[in-house]
Amino acid sequence: MQKNSKPADQLRKGRNIFTLIELLIVIAIIAILAAMLLPALNAAKVKAQAIDCVNHFKQLGSATVMFAGDHQDFVPPAMFNADNTKKVFGWTDNNYYWYQHLYPYAPQKNIFDCKPYLKPDKPYKNADTNAGGVCKNNETTRYEIPIAYGATADLGGYDMMGTTTGVKLGNLKNNSRRVHLSDYNTALFLGGNFASLSMNAVAQIFRHNKTANMLFLDGHVEPVHRNRRSGINSDKNFIFGRN
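Residues numbered from 1 in each chain as written. Predicted model: local features only at pLDDT ≥ 70, side-chain atom pairs only at ≥ 80, totals over all residues. Heavy atoms only, no water.

Enquirer: Residues and numbers for helix α2 (residues 20-70), please.
Expert: Side chains of residues three or four places apart in an α-helix project in the same direction, reflecting 3.6 residues per turn. With 51 residues, α2 extends 73 Å between its outermost C-alpha atoms, agreeing within 8% with the 75 Å of an ideal straight helix rising 1.5 Å per residue. Residue Leu37 marks the point of greatest curvature in α2, where the axis turns by about 30°; the proline Pro39 follows within four residues. Of all the positions in α2, only Ala50, Cys53, Val54, His56, Phe57, Leu60, Gly61, Ala63, Thr64, Phe67 and Ala68 are classed as buried. Against α4 (98-102), β3 (149-152), β4 (178-183), β6 (211-216) and β7 (221-225) lie the buried residues of α2. (Helix = DSSP H or I, 4+ residues; strand = E, 2+ residues; numbered from the N terminus. Expected span 1.5 Å × (residues − 1). Bend = angle between axes of the 7 residues up to and from the residue. Buried < 20%, exposed > 50% of the residue type's maximum accessible area, 1.4 Å probe, protein only. Contact = heavy atoms within 4.5 Å.)

Here is the structure:
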């Protein structure tokens, strides 16, 4: 009996050991499953980034309303120099750009950030920091913040193109169709000039699976597919500027 049990014990032990072929089969199955799951995970990541961007825009929409409430109902100017800021608003302020005006009402360093656009290893690549960043009111600290969004230049006012007067939120109509901010590759854009851009710029703007998020002046955010960009100026669903 002892002679017969020894080979049986060895046979059972042998069955508990993976052969090379079995190990390769397991690895192949794991690789196939990973390949099947990765597209779904990437799609979920892109969706999450787009939602994060929408949340940023909604906060900036609320910041716009709060700014108007504190400043005689004026829409934040896209860009004014100090002289025009004093002439229109009656105060001396070194905050020239729209994002510098809104930052105190949404003071998060990533509020103008868009993950598909600003790479973690090179956060300032293709990013518009303009006047050295953002300065919070009543503070001397300046924050270098890359800007991944653009404002309609001729809405709040842009003195470099001759728009040196402010516009009041309550005086504007059809604000549900009036574009305030958008995914963009610089801090300002002239009207709906998406159609005239290079494909590289288009890819930077329509960065959420070929869509761009746009904040309208009534506070709602809408994703716009880049297939609509060529006719966006004539599309009655979009108003760029104050007219």
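Enquirer: Any chance you could break down the pattern of salt bridges for me, citing the residues and the numbers?
Expert: Close approach of charged atoms allows side chains of opposite charge to pair. What the rule picks out here adds up to 3 salt bridges. Where Asp183 meets Arg207, a salt bridge forms, and the shortest distance between an N and an O atom there is 2.8 Å. Of this pair, Asp183 sits in strand β4 while Arg207 sits in the loop between α6 (199-205) and β6, placing them 24 residues apart in sequence. The buried category is assigned to Asp183, whose relative accessible area is 0%. Asp235 is the partner of Arg228 in a salt bridge, and the nearest nitrogen-oxygen pair spans 3.1 Å. Taking the relative accessible area as the measure of exposure, Arg228 reaches 30% and is therefore partly exposed. Via salt bridges that share partners, Glu222, Arg228 and Asp235 belong to a single interconnected network. (Salt bridge = Lys/Arg side-chain N within 4 Å of Asp/Glu carboxyl O.)

Enquirer: Describe the pairing of β6, and please don't skip the residues or the numbers.
Expert: Most of β6 is tucked away: 6 of the 6 residues are buried. Burial along β6 is two-sided: the face carrying Thr211, Asn213 and Leu215 and the face carrying Ala212, Met214 and Phe216 are both buried. Inspection of the sheet shows β4 paired to β6 by 3 bridges, in the antiparallel sense. When the sheet's bridge partners are listed, Leu181 is paired in β6 with Leu215. (Pairing = 2+ DSSP bridges.)

Enquirer: How would you sum up the side chain of Asn185? Please name residues and give values.
Expert: If you trace the backbone, Asn185 turns up in the loop between β4 and β5 (188-189). For Asn185, the side chain forms a polar contact with the side chain of Gln204, separated by 3.3 Å. (Polar contact = N/O pair within 3.5 Å; in protein donor to acceptor, adjacent residues only side chain to side chain.)

Enquirer: Describe unusual backbone geometry, and please don't skip the residues or the numbers.
Expert: Glycine aside, a negative phi is what most residues show, and trans is what most peptide bonds show. Of note, Asn174 is a non-glycine position whose phi angle comes to about 55°, a positive value. The topology assignment puts Asn174 in the loop between α5 (153-156) and β4. The phi dihedral of Lys210 falls on the positive side, at around 70°, and the residue is not glycine. Its location among the elements puts Lys210 in the loop between α6 and β6.

Enquirer: Explain the pairing of β7 to me, using residue names and the numbers behind them.
Expert: Examined bridge by bridge, β6 and β7 share 5 bridges and lie antiparallel to one another. In the strand pairing of β7, Thr211 is matched with His225. Counted between consecutive antiparallel strands, the loop separating β6 from β7 contains 4 residues, among which Gly219 sits at a positive phi close to 105°.

Enquirer: Explain helix α3 (residues 82-89) to me, using residue names and the numbers behind them.
Expert: Where α3 is concerned, the buried positions are Asn84, Thr85, Val88 and Phe89. Projection of α3 onto a plane perpendicular to its axis shows the buried side chains occupying an angular sector of 105°, all on one side. Those residues of α3 that are exposed and angled more than 90 degrees off the buried face are Asp83, Lys86 and Lys87. (Arc of directions from axis to C-beta.)

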